Amino acid sequence: KIVICLTAMSYSSAEIDFCTQSCQHGIRLDGRACEDFRPLELELGLIAQASGSARLHLGSTDVIVGVKAEVGAPLREHPDCGRLQATVEMSSCASPEYEGRGGELWGLQLAQALEASLVPEHPEKGGGGLDLRSLSIIPGKAVWLLYVDALVLND
């Protein structure tokens, strides 16, 4: 059985059914087989002012990501955990549906999905893609604050 979780974005039941049936029958809209990957190119260290950065080309998808790290105070409820904040912007050139304010909702939803995949619901218990306890410098006094900014240039 194939289970597809598309709750982070707003999809109609018809779109969810189409995705489920496509997976079950091994069909993709772009003609690739289920096991075929899109060409991948990754460039690192593009933004001098960032603590880390990358540009990803995955097929026609083009995304630039910068990460800025700062030392800051922990939250009182999680004194030994750092923090992460994600922002995603959709270039109006990436798709006609992102023109005007169309990309704002998509960017917000993608940022929330990114944070949810990286940050555990209960940081003190670990889990998630990033252990926020590893960002503690001096528990209760200083932690790393990570700001992840992504710009989707083409989807």
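On a predicted model such as this, the values are computed, not experimentally measured, just so you know.

In this model, the chain carries an average pLDDT of 85, and 90% of its residues clear a pLDDT of 70 or more. pLDDT under 50 marks residues 1-8. Its contacts with residues more than four places away, or in other chains, come to 10 contacts.

This part covers the pairing of strand E2 (residues 52-58). Looking at chain direction, strand E1 (residues 40-44) and E2 are connected through five bridges and run antiparallel. Among the inter-strand pairings, Leu 40 is bridged to a residue of E2, identified as Leu 58. Sheet analysis places E2 next to strand E3 (residues 61-72), joined by seven bridges and oriented antiparallel. Each residue of the ladder has a partner; that of Ala 54, found in E3, is Val 65.

In this approach a probe as big as a water molecule rolls over the atoms, and the regions it shows empty are the leftover space. Within this model, the largest pocket holds a volume of roughly 1200 Å³. Looking at the largest pocket, it is lined by 30 residues, and the ones nearest its centre are Tyr 11, Arg 32, Arg 38, Thr 61 and Asp 155. Mapped by element, the contributors of at least two residues to the lining of the largest pocket are helix H1 (13-25), E2, E3 and helix H2 (102-118). When its residues are assigned to classes, the lining of the largest pocket shows 20 nonpolar, four polar and six charged.

Basis of the calculations
- Residues numbered from 1 in each chain as written.
- Predicted model: local features only at pLDDT ≥ 70, side-chain atom pairs only at ≥ 80, totals over all residues.
- Heavy atoms only, no water.
- pLDDT = per-residue confidence, 0-100.
- Contact = heavy atoms within 4.5 Å.
- Pairing = 2+ DSSP bridges.
- Helix = DSSP H or I, 4+ residues; strand = E, 2+ residues; numbered from the N terminus.
- 1 Å grid on protein atoms, 1.4 Å probe; cavity = no way out; pocket = protein on both sides within 12 Å on 5 of 7 lines; lining within 4 Å.
- Points joined across faces, edges and corners; volume = space filled by probe spheres on them.
- Nonpolar A, V, L, I, M, F, W, Y, C, P; charged D, E, K, R; others polar.

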